[in-house]
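Survey of secondary and tertiary structure
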Amino acid sequence: MAKRAEKAQATRKAILDAAAVVVGRHGYGKASIGRIAEEAGVAHGLIYRYFENQQDLFDQLLPHVGEEMLRYIAKATLDAKTFAERERQGLDANFAFLEKNPALHRILNEAAFFAPEAHQQYLRRMASGYTRSLHRGWAAQEISGYDESELEVIGYMMIGAREYLLERFAVQGTSIDALPDHVKRTYLRVVSRSLGIDPAKMLSGLTADSAAE
């Protein structure tokens, strides 16, 4: 029974991974069940054992890929002791994951129309992670100048900032490049100064060239 469950879980993951590739390549509008089945190397009908229909598959795609990224970031920031460290390491991990998994960018953008509930869930999930980190920094008196009730708003603002920096400086067609050092440096300075954190603490993990004024 355990092996059967493991096989089913592996098959479901393979279908979702294939869907991510197809949507990243063609968009939701052209991500047919046939194309996804071909990419996954499974029979067309097998997909319906795991998903009710195409929309059900789309609704589960963003949470699947998004959770992989969040786990990646969480692992990268596991040893961070301060908000400044978490933000710097989290930024690096965020863009490193997107470089390796550029399909997530298109999946996220188009999900607002093709899978709106999943899109809202993803944003709330991302914001909750930011808010928790901000709460930890606020409780440790690393962050100043704000009431605790304002931290969720700040979290959403930081998500928006990263998304626009991604669009402007990293997206290259269907691939994603590393965020340029000067962009990373400016982002971290703005975040640190706006939250009352010494910029030197936020920039301390960067290379000498990146951290230079």
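Refer to the structure printed above.
From a predicted model like this one, the values you see are computed outputs, not experimental measurements.

Focus on the overall build of the chain
Looking only at helices and strands, the chain features 11 helices and two strands. Counted from the first residue to the last, the chain has its helices and strands arranged as α-α-α-α-α-α-α-α-β-β-α-α-α. The dimensions of the chain, computed from C-alpha atoms along their principal axes, are 55 × 35 × 30 Å. Here the chain holds 213 residues, and 41% of them are scored as buried. A separation of at least 24 residues holds for 66% of the contacts in the chain among residues at least 6 apart in sequence. Total accessible area on the chain stands at roughly 11700 Å², and carbon and sulfur atoms take up 53% of it.

Quick notes on helix H6 (residues 103–114)
A rise of 1.5 Å per residue sets the reference length of H6, with its 12 residues, at 16 Å; its end C-alpha atoms lie 15 Å apart and thus fit the reference within 8%. Listed as buried for H6 are Leu104, His105, Ile107, Leu108 and Ala111.

Side note on the packing of aromatic side chains
Using the criterion set out here, one finds four aromatic pairs in the structure. Centre to centre, the rings of Phe113 and Phe114 are 5.0 Å apart; their planes meet at 85°, and the pair counts as edge-to-face. Taking the relative accessible area as the measure of exposure, Phe113 reaches 68% and is therefore exposed. Residue classification places Phe114 among the partly exposed positions, given a relative accessible area of 27%. Through a chain of ring-to-ring contacts, three or more aromatic side chains come together here, namely Tyr28, Phe58, Phe113 and Phe114. Here the guanidinium or amino end of Arg168 rests over the ring plane of Phe169, the centre of that ring lying 4.5 Å away.

Quick look at the environment of Ala18
Along the chain, the position of Ala18 falls in helix H1 (residues 2–26). Taking the C-alpha atoms as reference, Ala18 lies 24 Å from Leu166; in sequence the two are 148 residues apart. Once residues within four sequence positions are removed from consideration, Ala18 is found in contact with Ile36, Glu39 and Ala40.

Points about the packing of H6 against helix H8 (residues 151–169)
The axes of two packed helices give the description: the angle between them and the distance between them. For the pair H6 and H8, the least separation of the axes is 13 Å and the interaxial angle reads 120°. Viewed along their axes, H6 and H8 adopt a mutual orientation that is oblique. Here H6 and H8 pass one another in a crossing that is left-handed. Along its contact with H6, which presents His105, Leu108 and Asn109, the element H8 presents Glu163, Leu166 and Glu167.

Topic: the layout of surface pockets
Computed from the structure, the largest pocket encloses a volume of approximately 520 Å³. As for the largest pocket, its lining consists of 20 residues, of which Ile73, Ala74, Thr77, Gly129 and Ser133 are closest to the centre. Listed by contribution, the elements that provide at least two residues to the lining of the largest pocket are helix H4 (54–76), helix H5 (83–100) and helix H7 (116–139). A per-element tally of the lining of the largest pocket places H7 first, with seven residues. Its residues assigned to classes, the lining of the largest pocket shows eight nonpolar, five polar and seven charged.

Criteria and cut-off values
Residues numbered from 1 in each chain as written. Predicted model: local features only at pLDDT ≥ 70, side-chain atom pairs only at ≥ 80, totals over all residues. Heavy atoms only, no water. Helix = DSSP H or I, 4+ residues; strand = E, 2+ residues; numbered from the N terminus. Buried < 20%, exposed > 50% of the residue type's maximum accessible area, 1.4 Å probe, protein only. Contact = heavy atoms within 4.5 Å. Areas by Shrake-Rupley, 256 points an atom, 1.4 Å probe, with all protein chains shown as cover. Expected span 1.5 Å × (residues − 1). Phe/Tyr/Trp six-rings, centres within 6.5 Å; stacked < 30°, edge-to-face > 60°. Lys NZ or Arg CZ within 6 Å of the ring centre and 35° of its normal. Axes fitted to C-alpha atoms, helices over the stretch in contact; angles between N-to-C directions. Parallel < 35°, antiparallel > 145°, perpendicular 65-115°, else oblique. Left-handed = near helix turned anticlockwise from the far one by under 90°. 1 Å grid on protein atoms, 1.4 Å probe; cavity = no way out; pocket = protein on both sides within 12 Å on 5 of 7 lines; lining within 4 Å. Points joined across faces, edges and corners; volume = space filled by probe spheres on them. Nonpolar A, V, L, I, M, F, W, Y, C, P; charged D, E, K, R; others polar.

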